Amino acid sequence: MELGMIGIGRMGANMAQRLVRDGHKVVGYARTAKTVQDRVNEGAITSGATSLEDVVKQLSEPRILWLMVPAASVDDTIAQLLPHLSPNDIIVDGGNSHYQDDIRRAEELKKHQIHYVDCGTSGGVWGLERGYCEMIGGEDEIVAYLDPIFKRLAPGVEAAGRTEGRTGEPTTAEQGYLHCGPHGAGHFVKMVHNGIEYGLMAAYAEGLNVLRHANIGKKQHLVDAETAPVQNPEHYQYDMNLADITELWRRGSVVSSWLLDLSAHALMQSPDLSNFNGRVADSGEGRWTVKAAIDEGVPAHVLSAALYDRFESRNEAEFANKILSAMRFEFGGHHER
Ligand SMILES: O=C(O)[C@H](O)[C@@H](O)[C@H](O)[C@H](O)COP(=O)(O)O
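Per an unreviewed UniProt entry, the protein chain goes by the name 6-phosphogluconate dehydrogenase and belongs to Dictyobacter arantiisoli. Entered under Sequence similarities (unreviewed entry) in the UniProt record, the comment concerning the protein chain runs "Belongs to the 6-phosphogluconate dehydrogenase family."

Below, the structure is given as structure tokens:
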């Protein structure tokens, strides 16, 4: 098939390359000409385009335009593309858009007889070799038409052992892509996926931090007079090797996972992670998941706490903590140490 990949940064370029390797034609576009040329030289795209109009011109109808641009740029990109498109062309948003934006965009594009598909894409920088997990929303016949592309981008059934009881021809879910429902459904599933991602990451981070402090009994002399002393310091005399523990858990343990694999790799390279400052960004999906939980009236304790952890990591609790210290001083004359 033919496809225009708009946004050929790390993620878009790797996706393009996976398609090119399978014989698909991919016209790539980025705002800087050098990026486009680099991708042509790397063989990640079959040809480069100098503008969005040029992407459209190089494709035959019905055209497939796959967007891998930041969520904030999607509306603008679509507005610039629209004058060059024809009825039945298809826009796929493969980034991390809010699902409610998908619903709105699909409605607007329908007036121009342009089809819109939302595709939450997971896999990060490893996707070129591992494949991408795709969570898809849109019209049945359009999603079916795009099947060869989704199939090639997906990891394939061999990426995980088959679930007991599933037999016969593997479903698309077993191959790593799923038509989740109408417009927005793909990004809704990806949104919750990322909410879970925050929760899992926070669980590993907190657990490993408890292990890291298992030697606190040895540091009793460092604890200031205002802080409660460690009870039974003899119980906290362990210098844990976190690189080895995470490596250990990768094999046969209940908490093995890809996130753990990546943690083990990071800790092996830098046991104290001194190459990071611990300020953790968030792109929005964790917030949207918590918002959806509130709208639905369902509890999401872990996902909420994990989201607030990220805010705290960026010193957003600093003033609240000053208020605590101030009140403590006001009522008890307690000084900070
Ligand atoms: O599944 C994935 O590949 C990831 O979830 C990815 O899509 C994610 O958006 C970014 O890696 C960072 O997201 P945050 O900035 O919200 O941590």
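Still to come is the rest of the account.
Caption draft 1: Seen up close, the sheet that holds strand E4 (residues 64-67). Spatial strand order, E3-E2-E1-E4-E5-E6-E7-E8: 8 strands in an open sheet with mixed pairing. At either end of the open sheet lies a strand with only one pairing partner, and these are strand E3 (47-48) and strand E8 (177-181). Relative to strand E6 (residues 115-122), strand E5 (residues 90-93) is paired through 4 bridges, and the arrangement is parallel. Note on E6: the bridge partner recorded for Asp 93 is Asp 118. The strands touched by helix H5 (residues 99-110) within the sheet are E5 and E6, with E6 carrying the most contacts at an inclination of about 150 degrees. Against the sheet, helix H10 (residues 185-212) touches E5, E6, strand E7 (133-137) and E8, its axis set at about 20 degrees to E6.

Caption draft 2: Structural view of the pairing of strand E2 (residues 25-29). Counting buried residues in E2 gives 4 out of 5 residues, a clear majority hidden from the surface. Note: E2 against E3, 2 bridges, orientation parallel. Opposite Gly 28, over in E3, you have Gly 48 as the bridge partner. Between E2 and its parallel partner E3, the chain crosses via helix H2 (residues 33-42), and the hand of that crossover is right-handed.

Caption draft 3: Representation of the packing of aromatic side chains. Tallying each qualifying case throughout the model produces 5 aromatic pairs. Taking the centre distance of 4.7 Å and the plane angle of 70 degrees together, the rings of Tyr 99 and Phe 188 count as edge-to-face. With a gap of 89 residues between them, Tyr 99 in helix H5 and Phe 188 in helix H10 connect regions that are remote in the sequence. Given the relative accessible area of 16%, Tyr 99 is considered buried. Aromatic pair Tyr 308 and Phe 311: ring centres 5.9 Å apart, planes at 55 degrees, arrangement tilted.

Caption draft 4: Fine view of the site of the ligand. With respect to spatial proximity, the complete set of residues near the ligand consists of Asn 96, Ser 122, Gly 123, Gly 124, Lys 190, His 193, Asn 194, Glu 197, Tyr 198, Asp 282, Ser 283 and Arg 310. Note that an oxygen atom of the ligand is positioned 2.7 Å from one of the side-chain N or O atoms of Asn 96. Take Arg 310: an N or O atom from its side chain is 2.7 Å from an oxygen atom of the ligand. For the ligand, whose free accessible area comes to 420 Å², the fraction covered by protein is 74%. Considering each element in turn, the shell around the ligand owes the most residues, 5 residues, to H10. Lining the shell around the ligand are residues from two domains, each supplying at least three of them: domain 1 (2-182) and domain 2 (190-240 + 277-332).

Caption draft 5: How the structure looks around the packing of H10 against helix H12 (residues 258-269). Between H10 and H12, whose axes approach to 11 Å, the crossing angle comes to 45 degrees. With respect to their mutual orientation, H10 and H12 come out oblique. As H10 runs across H12, the sense of the crossing is right-handed. Note on element contacts: H12 touches H10 through Leu 259, Leu 260 and Leu 267, opposite Glu 197, Leu 200, Met 201, Tyr 204 and Leu 208. Of the residues contributing to the contact of H10 with H12, the split by class is 7 nonpolar, no polar and 1 charged.

The rules behind these values
Residues numbered from 1 in each chain as written. Predicted model: local features only at pLDDT ≥ 70, side-chain atom pairs only at ≥ 80, totals over all residues. Heavy atoms only, no water. UniProt positions renumbered as here; feature names shortened; annotations may be inferred. Pairing = 2+ DSSP bridges. Helix = DSSP H or I, 4+ residues; strand = E, 2+ residues; numbered from the N terminus. Contact = heavy atoms within 4.5 Å. Axes fitted to C-alpha atoms, helices over the stretch in contact; angles between N-to-C directions. Buried < 20%, exposed > 50% of the residue type's maximum accessible area, 1.4 Å probe, protein only. Right-handed = clockwise from strand over helix to strand, strands pointing away. Phe/Tyr/Trp six-rings, centres within 6.5 Å; stacked < 30°, edge-to-face > 60°. Near = heavy atom within 4 Å. Polar contact = N/O pair within 3.5 Å; in protein donor to acceptor, adjacent residues only side chain to side chain. Areas by Shrake-Rupley, 256 points an atom, 1.4 Å probe, with all protein chains shown as cover. Domains from an automatic or database assignment. Parallel < 35°, antiparallel > 145°, perpendicular 65-115°, else oblique. Left-handed = near helix turned anticlockwise from the far one by under 90°. Nonpolar A, V, L, I, M, F, W, Y, C, P; charged D, E, K, R; others polar.

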